[in-house]
Amino acid sequence: MPKMKTKSSAKKRFKVTGGGKVLAAQAGKRHGMIKRSNKFIRQARGTSTLSEPDAKIVKSYMPYAR
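Residues numbered from 1 in each chain as written. Predicted model: local features only at pLDDT ≥ 70, side-chain atom pairs only at ≥ 80, totals over all residues. Heavy atoms only, no water.

A short note on the overall build of the protein
Secondary structure assignment for the protein yields three helices and three strands. Along the protein, helices (α) and strands (β) appear in the sequence α-β-β-α-β-α when read from the amino end. Against the 2.2 N^0.38 benchmark of 11 Å for 66 residues, the protein shows a C-alpha radius of gyration of 15 Å, more extended than a compact globule. Its C-alpha atoms put the protein at 50 × 25 × 15 Å along the principal axes. (Helix = DSSP H or I, 4+ residues; strand = E, 2+ residues; numbered from the N terminus. Rg over C-alpha atoms; globule rule 2.2 N^0.38 Å.)

Written as structure tokens, this is what we have:
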């Protein structure tokens, strides 16, 4: 069997931790920061883990990242 292909966009955007959780950058921080509250900007720093249904989809895009 040939190797399965990884979605190139997924490997650039997501990272799988040792425990199998998927890390992703926080959404909503690309532009329009003036209308966002300071609380939102502060809490949206760094990365966050995806929910289980979303993580399952992302893992299907990256078959060898487990």
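Points about the environment of R13
Position of R13 relative to the elements: it lies in helix α1 (residues 8-13). Linking R13 and A25, residues twelve residues apart in sequence, is a C-alpha distance of 7.5 Å. Not counting residues up to four positions away in its chain, the partners in contact with R13 are L23 and A24. Here the side chain of R13 touches S9 through a polar contact of 3.2 Å, landing on its backbone oxygen. (Contact = heavy atoms within 4.5 Å. Polar contact = N/O pair within 3.5 Å; in protein donor to acceptor, adjacent residues only side chain to side chain.)

Topic: the nonpolar core
Counting six residues, the largest nonpolar core consists of A10, V16, V22, A55, V58 and M62. What A55 contacts, discounting residues up to four positions off in sequence, is V22 and L50. (Core = buried A, V, L, I, M, F, W, Y, C linked by side-chain atoms within 4.5 Å. Buried < 20%, exposed > 50% of the residue type's maximum accessible area, 1.4 Å probe, protein only.)

Here we look at a positive patch on the surface
On the surface, a cluster of positive charge is contributed by K11, K12, R13 and R30. By secondary structure assignment, the location of K11 is in helix α1. (Patch = residues over 30% accessible without salt bridge, like charges linked within 9 Å, V, L, I, M, F, W, Y side chains within 5 Å. Areas by Shrake-Rupley, 256 points an atom, 1.4 Å probe, with all protein chains shown as cover. Salt bridge = Lys/Arg side-chain N within 4 Å of Asp/Glu carboxyl O. Lys, Arg positive; Asp, Glu negative; His and termini not counted. Charge placed at Lys NZ, Arg CZ, Asp CG, Glu CD.)

Section: the pairing of strand β2 (residues 22-25)
Only one face of β2 is covered, namely the one carrying V22 and A24; the face carrying L23 and A25 has none of its residues buried. Direction of pairing for strand β1 (residues 14-16) relative to β2: antiparallel, over a ladder of three bridges. Along β2, the bridge assignment pairs V16 with V22. Between the end of β1 and the start of β2, which pair antiparallel, lie five residues, with G20 showing a positive phi angle near 95°. By the bridge criterion, three bridges tie β2 to strand β3 (residues 47-49) in an arrangement that is antiparallel. (Pairing = 2+ DSSP bridges.)

Some words on the environment of I41
Tracing the sequence through the fold places I41 in helix α2 (residues 38-43). If we ignore the near neighbours within four places in the chain, the residues touching I41 are K29, M33 and R36.

Honestly, that's just the spatial picture; any functional story needs more than this.
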